[in-house]
Amino acid sequence: MIEIRGLKKFYGSLEVLKGIDLDVPKGEVLSVIGASGSGKSTLLYCINGLEPIQEGSVKVDGTDVHAKGTDINELRQKMGMVFQQWNSFPHLTALENVALAPKIVKKKSRAEARDIATRQLQHVGLGDKLNVYPSALSGGQQQRLAIARALAMEPDYMLFDEATSALDPELVGEVLDAMRLLADEGMTMICVTHEMGFARDVSDRVTFFHEGILEEIGTPAEIFGAPKSEHLQKFLSSIR
Amino acid sequence: MEPTVSFFSGFQPSDLWFLAEAAWRTLLISVLSISIGTVLGVVFGWMIYEGKWPAALTLGPVLDVFRSVPLIIQLVLFYNFAPIIGLNLDPFLSGVVVLSVYCASLVANVARGGMEAVGLPMRRAARSLGMSYWQDLRYVVLPIGGRAVFPSWVGVALGVMKDSALVSVLGYIELLKASQILITRTQEPLLILTLAGAFYFALSYPISRYAATLEKRWAT
Ligand SMILES: Nc1ncnc2c1ncn2[C@@H]1O[C@H](COP(=O)(O)OP(=O)(O)OP(=O)(O)O)[C@@H](O)[C@H]1O
Ligand SMILES: [Mg+2]
């Protein structure tokens with residue numbers, strides 16, 4: 001369970017998150033939508049402890065992400081993250097990309113790490129690319145590699161930050177399919193996305209961010225069928 | 001019968017040995033200075049990149065000084081002033097100290113560039129996998145940034161090797177100084193300079209070759 005209470009985040013004097021309260025129970029798939037600059041990415045960074053926060057708290061399974069005594073490296077193993085930019089490690093093959101963290105963070109043996117990596121790559125349909133370097137992979141393949149790399153740490157939560165928005169349109173589907181598969185397997189997911197089809201079909205709940213405020217949250221039917229806030233209505237009509 | 005020793009005499013086979021020994025000394029002082037300078041430079045570059053400590057803020061300008069003051073001046077100044085602060089170093093050690101610091105000041109820039117080349121998104125990805133700060137540096141920043149700036153580093157290393165000739169002003173008989181001695185004695189500048197050039201080439205060519213091989217391997 002992820003519990004966010006009164007979360008405020010500033011970049012300098014710019015208030016990017018203005019007091020967010022949000023619970024994400026185990027097993028839920030939550031989509032986060034909203035205009036550019038509304039603070040969606042920042043929310044994920046704060047959940048993962050990649051950015052410090054100024055007020056409030058984020059708890060993951062009861063552990064405060066931003067508390068002084070928290071072993072953040074340990075806690076992050078529970079949370080896989082996939083970013084908008086493809087950032088596979090260019091000096092490592094697909095297999096090595098995925099095996100690296102299990103080996104050095106989880107101290108798995110070489111053979112074990114390779115096993116895990118092979119399995120995860122097969123899982124996202126890259127079983128035939130084990131020894132290929134990222135430079136020889138398409139954007140869609142690199143994003144699936146990033147998913148496999150995160151999954152190799154056996155996380156309980158997955159955070160997706162617009163995993164498909166840097167991709168050519170014809171490559172979006174394969175990445176969404178991998179995410180869908182993950183959702184079907186019961187993974188707890190927070191997906192920042194511009195793919196309204198995905199948000200509608202796959203999520204249990206959808207939340208709309210507007211200028212650092214969580215403006216609305218509800219089932220896909222509520223959010224897309226009967227949006228209450230004016231900003232959300234505007235946002236939805238602007239993207240149709 | 002021993003050949004009569006005169007001030008001027010022709011080039012002898014033993015002179016080749018003399019040059020080879022001098023080349024060895026060039027190699028020695030270069031390898032030492034480049035190694036120490038690279039380690040120091042990477043640490044300096046990292047401190048400047050992080051920019052967290054007051055020390056890092058003064059480090060940049062200090063290194064600027066070492067980069068811009070001609071090496072020969074640094075050598076002479078250090079050699080003559082070191083004894084004042086109780087450091088009695090022979091020409092070789094003085095050369096190593098000055099060349100290392102000089103090399104470090106150049107490598108610091110290269111290293112900082114390498115770390116910048118990796119970029120925040122890549123590092124966030126590494127940290128999001130649970131890697132510690134140091135694991136990120138060791139397994140992500142070092143290999144990726146290192147490869148990005150490796151050609152620049154090779155340039156610095158080869159430059160320092162050639163600049164090591166300047167240590168001769170302190171009386172360290174390295175390759176260039178040895179050539180001058182031989183030229184004075186044999187009055188055969190063309191032959192000796194060609195030989196010295198060949199030695200310099202023999203020292204740096206393997207490095208360039210090896211570097212090129214590495215770069216090709218990394219390019220895949
Ligand atoms: N490192 C940073 N320093 C300063 N301001 C930042 C930084 N990162 C983000 N911001 C600002 O914070 C605000 C929220 O950014 P964020 O990236 O969270 O938005 P977003 O909802 O993810 O937008 P997008 O859809 O474009 O990705 C923006 O105004 C952005 O300019
Ligand atoms: Mg974003």
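So, here's what we can say about the structure. Position labels on residues start from 1 in each chain and follow its written sequence. Chain letters start at A and ligand numbers start at 1, both assigned in the order the entries are written. Selection of residues for local features in this predicted model requires a pLDDT of at least 70, selection of side-chain atom pairs for listing and counting requires 80 or more, and totals for whole chains, interfaces and linings are taken over all residues. The side-chain quantities take in all heavy atoms of the structure and omit both hydrogens and water.

### Points about the overall build of chain A
Here comes step 1: What counts as a helix is a DSSP run of H or I of at least four residues, what counts as a strand is a run of E of at least two, and both are numbered from the N terminus. When you go through chain A residue by residue, the secondary structure sums to 9 helices and 10 strands.
Here comes step 2: Two things to know: the radius of gyration comes from C-alpha atoms, and the globule rule equals 2.2 Å times the number of residues to the power 0.38. Over its C-alpha trace chain A gives a radius of gyration of 18 Å, about what one expects of a compact globule, namely 18 Å for 240 residues.
Here comes step 3: In short, Shrake-Rupley with a 1.4 Å probe defines the accessible areas, and a residue's cover is counted only from the protein chains shown. For chain A, the exposed area adds up to about 9,900 Å²; of that, 48% sits on carbon and sulfur atoms.
Here comes step 4: Put simply, chain A has 26 plus and 33 minus side-chain charges, and the middle of one group is 4 Å from the middle of the other. A positive count includes Lys and Arg, and a negative count includes Asp and Glu. His and the chain ends are not counted in either. To locate a charge, take atom NZ for lysine, CZ for arginine, CG for aspartate or CD for glutamate.

### A closer look at the nonpolar core
All names here are of chain A.
Here comes step 1: Throughout this description, the term nonpolar core refers to a set of buried Ala, Val, Leu, Ile, Met, Phe, Trp, Tyr and Cys residues connected via side-chain atoms within 4.5 Å. Buried means the residue's accessible area, taken with a 1.4 Å probe over protein chains only, is under 20% of the maximum for its type, while exposed means over 50%, and partly exposed covers the values in between. Among the nonpolar cores identified, the biggest contains 38 residues, and Leu-121, Ile-147, Met-158, Phe-160, Met-179 and Met-189 are the most heavily contacted of them.
Here comes step 2: Elements that contribute at least two residues to this core include exactly α3 (94-104), α4 (110-123), α5 (139-151), β7 (157-161), α6 (169-184), β8 (188-192) and α7 (196-202).
Here comes step 3: In terms of residues, this core owes the most to one element, α6, which gives 8 residues.
Here comes step 4: Residues count as neighbours in contact if any of their non-hydrogen atoms are within 4.5 Å of one another. Leave out the neighbours within four places in its chain, and Leu-121 touches Ala-94, Leu-95, Val-98, Leu-126, Gly-127, Leu-130, Leu-145 and Ala-148.
Here comes step 5: The next biggest cluster of nonpolar side chains, apart from the first, holds 31 residues, and it includes Ile-4, Ile-47, Val-58 and Ile-72.

### Comments concerning the site of ligand 1
Residue and element names in this part refer to chain A.
Here comes step 1: A molecule or strand has a residue near it when one of that residue's heavy atoms lies within 4 Å. Around ligand 1, the surrounding shell consists of Tyr-11, Val-16, Ala-35, Ser-36, Gly-37, Ser-38, Gly-39, Lys-40, Ser-41, Thr-42, Glu-162 and His-194.
Here comes step 2: The term polar contact refers here to a pair of N or O atoms within 3.5 Å; inside protein, the definition further demands a hydrogen-donor-capable atom paired with an acceptor-capable atom, and it admits residues adjacent in sequence only when both atoms are side-chain atoms. At 2.5 Å from an oxygen atom of ligand 1 is found a side-chain nitrogen or oxygen belonging to Ser-36.
Here comes step 3: Here Ser-38 contributes a backbone N or O atom positioned 3.2 Å from an oxygen atom of ligand 1.
Here comes step 4: When isolated, ligand 1 has an accessible area of 630 Å², and the protein chains bury 60% of it.
Here comes step 5: At 3 residues, the largest contribution of residues to the shell around ligand 1 is made by helix α1 (residues 40-47).
Here comes step 6: The class makeup of the residues in the shell around ligand 1 is 3 nonpolar, 7 polar and 2 charged. As a working rule, the residues Ala, Val, Leu, Ile, Met, Phe, Trp, Tyr, Cys and Pro are called nonpolar, Asp, Glu, Lys and Arg charged, and the rest polar, with Gly in that last group.

### Concerning the sheet that holds β8 of chain A
All names here are of chain A.
Here comes step 1: A pair of strands counts as paired when DSSP detects no fewer than two bridges linking them. As summarised here, the arrangement of the 6 strands in space is β6-β7-β8-β3-β9-β10, forming an open sheet in which the pairing is mixed. Each edge of the open sheet is held by one strand with a lone partner, namely β6 (79-82) and β10 (213-218). Averaged over all neighbouring strand pairs, the angle between strand axes comes to 15°, with direction disregarded.
Here comes step 2: Only the stretch in contact is used when fitting a helix axis, every axis being a line fitted to C-alpha atoms; angles between N-to-C directions are given from 0 to 180 degrees. Helix-sheet contacts for α1 involve β3 (29-34), β6, β7, β8 and β9 (205-210), and the interaxial angle to β7 is about 150°.
Here comes step 3: Helix-sheet contacts for α6 involve β3, β7 and β8, and the interaxial angle to β8 is about 150°.

Everything listed here is a matter of coordinates, which is why it stays silent on function.
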